[in-house]
Amino acid sequence: MAAETKNWRATVLTLFPEMFPGPLGVSLAGKALASGLWVLEARDIRDSATDRHRSVDDTPAGGGPGMVLRADVLAAAIDVADTSSDRPRLLMSPRGRPLTQSRVAELAAGAGPLIVCGRFEGIDQRVIEARRLEEVSIGDYVLSGGEIAAMTLIDACVRLLPGVMGKLASGTDESFSQGLLEYPQYTRPQEFEGQPIPEILLSGDHARVAAWRQAEAEALTRARRPDLWAARPGQKRPKSPTDG
Ligand code: SAM
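Here the structure is a predicted model, which is why all the values come from computation and not from measurement. (Residues numbered from 1 in each chain as written. Predicted model: local features only at pLDDT ≥ 70, side-chain atom pairs only at ≥ 80, totals over all residues. Heavy atoms only, no water.)

J.: Got a minute to help me understand the overall build of the protein chain in this structure?
T.: A tally of regular secondary structure across the protein chain gives seven helices and nine strands. Taking 2.2 N^0.38 as the reference for a compact globule, 244 residues should give roughly 18 Å; the C-alpha atoms of the protein chain span a radius of gyration of 22 Å, well beyond that estimate. Over its C-alpha atoms, taken along the principal directions, the protein chain stretches across nearly 70 × 55 × 50 Å. Of all 244 residues assigned to the protein chain, the portion counted as buried reaches 35%. Long-range pairs, those at least 24 residues apart, make up 73% of the contacts in the protein chain between residues at least 6 apart in sequence. Accessible surface, the protein chain: about 15,300 Å² in total, of which carbon and sulfur atoms supply 53%. Taking the 29 positively charged and 32 negatively charged side chains of the protein chain as two groups, their mean positions are separated by 3 Å. (Helix = DSSP H or I, 4+ residues; strand = E, 2+ residues; numbered from the N terminus. Rg over C-alpha atoms; globule rule 2.2 N^0.38 Å. Buried < 20%, exposed > 50% of the residue type's maximum accessible area, 1.4 Å probe, protein only. Contact = heavy atoms within 4.5 Å. Areas by Shrake-Rupley, 256 points an atom, 1.4 Å probe, with all protein chains shown as cover. Lys, Arg positive; Asp, Glu negative; His and termini not counted. Charge placed at Lys NZ, Arg CZ, Asp CG, Glu CD.)

Here you go:
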């Protein structure tokens, strides 16, 4: 009997489920959602509150400003949402490991993650450890909540799912896919404010076009992202003072 294939699923735990699908409901991701290529489940953390006021937060132990999401409420929300052990459990967090295209590709290749969206000053450390949440950051800045960060991660994954981008764009040429930023793109009109499209792109010579694009991608990456350039496979590691 053929193995049952399940569609990629994003389960989002949030205090604001009404924010979803939001931008994920339009364009590429939205069409794929409507046609069932992926599934979005936004669950309200507050449904797991147990007191009369449905409280989800409390003041930080040790004092300080703001509120902290309670471990007991969030753990209960995770436990009812996620019964399978093989789905990654992510917590959107500015303290997390920065999201990369290679981590996105791994997440897109799996069953789909459960994603916790923080609010307030963050969430109780004990639930991060007890439920083995992987902290993921979308950049070195602080958002007011994890929802927009979760949408960013989901959007990046969904466009890599089979059937979403179609044949036109495979994603293999894009920024980060080969450890490089993408080369510049041009389209009609042939001249814009006195600037022509580079002649080589109109030559019809596919080998020269490919070589030009590779050179442009390398030059851009070297100039703008020396960190990416240095990390390319085969690059020599810069000599450190401890080297002999
Ligand atoms: N007090 C926390 C700190 O300084 O690390 C910031 C909390 S922030 C106001 C509230 C929530 O927004 C976080 O729990 C997280 O879920 C989300 N968030 C904020 N910035 C983020 C980022 N750069 N990447 C991912 N999630 C982020």
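J.: Would you take a moment to explain the domain arrangement of the protein chain for this structure?
T.: When the parts of a complex come together, some accessible area is lost, and that lost area is often taken as the interface size. We note that the domain assignment places domain 1 (8-158) and domain 2 (173-231) within the protein chain. Put simply, the middle of domain 1 and the middle of domain 2, counted by C-alpha atoms, are 36 Å apart. (Domains from an automatic or database assignment.)

J.: Is there a simple way to think about the pattern of salt bridges in this case?
T.: Side-chain pairing between opposite charges can occur once the charged atoms of the two side chains come close. This model, assessed by the stated rule, comprises 14 salt bridges. Two residues, Arg9 and Glu41, come together in a salt bridge whose shortest N-O distance is 3.5 Å. One end of the pair, Arg9, is in strand E1 (residues 8-14); the other, Glu41, is in strand E2 (residues 38-44), and 32 residues separate them in sequence. With relative accessibility at 32%, the residue Arg9 sits in the partly exposed group. We note a salt bridge from Glu41 to Arg43, for which the minimum N-O separation is 3.0 Å. (Salt bridge = Lys/Arg side-chain N within 4 Å of Asp/Glu carboxyl O.)

J.: Looking at this structure, I do not really get the nonpolar core. What am I missing?
T.: Considering soluble globular proteins, one finds that nonpolar side chains tend to be buried as a cluster. Core analysis: the biggest nonpolar cluster contains 27 residues, and Trp8, Trp38, Leu153, Ile154 and Val158 have the highest contact counts within it. Within the residue set of this core, elements represented by two or more residues are E1, helix H1 (27-34), E2, strand E5 (89-98), helix H3 (101-109), strand E6 (114-117) and helix H5 (147-158). By residue number, the principal contributor to this core is H5, which donates eight residues. Grouped together as the second largest cluster of nonpolar side chains are 20 residues, Leu15, Ala71, Ala77 and Ile128 included. (Core = buried A, V, L, I, M, F, W, Y, C linked by side-chain atoms within 4.5 Å.)

J.: Explanation requested: the site of the ligand in the structure shown.
T.: Surveying the vicinity of the ligand reveals 19 residues, the closest of which are Met92, Gly118, Glu121, Tyr141 and Leu143. Contact between the ligand and Gly118: an oxygen atom at 2.9 Å from a main-chain N or O atom of the residue. Residue Gly139 places a main-chain N or O atom 3.0 Å away from a nitrogen atom belonging to the ligand. Alone, the ligand offers 580 Å² of accessible surface; in the complex the protein occludes 83% of this. Sorting the residues of the shell around the ligand by element identifies E5 and strand E7 (134-137) as the ones contributing at least two each. With three residues, E5 is the largest single contributor of residues to the shell around the ligand. (Near = heavy atom within 4 Å. Polar contact = N/O pair within 3.5 Å; in protein donor to acceptor, adjacent residues only side chain to side chain.)

J.: Honestly, helix H2 (residues 71-81) in this entry has me stumped. Any pointers?
T.: Given 3.6 residues per turn, any residue in an α-helix points the same way as the ones three and four places further on. Buried within H2 we find Ala71, Val73, Leu74, Ala75, Ala77, Ile78 and Ala81. Packed against the buried residues of H2 are E1, E2, strand E4 (68-69), E5, E6 and helix H4 (125-130).

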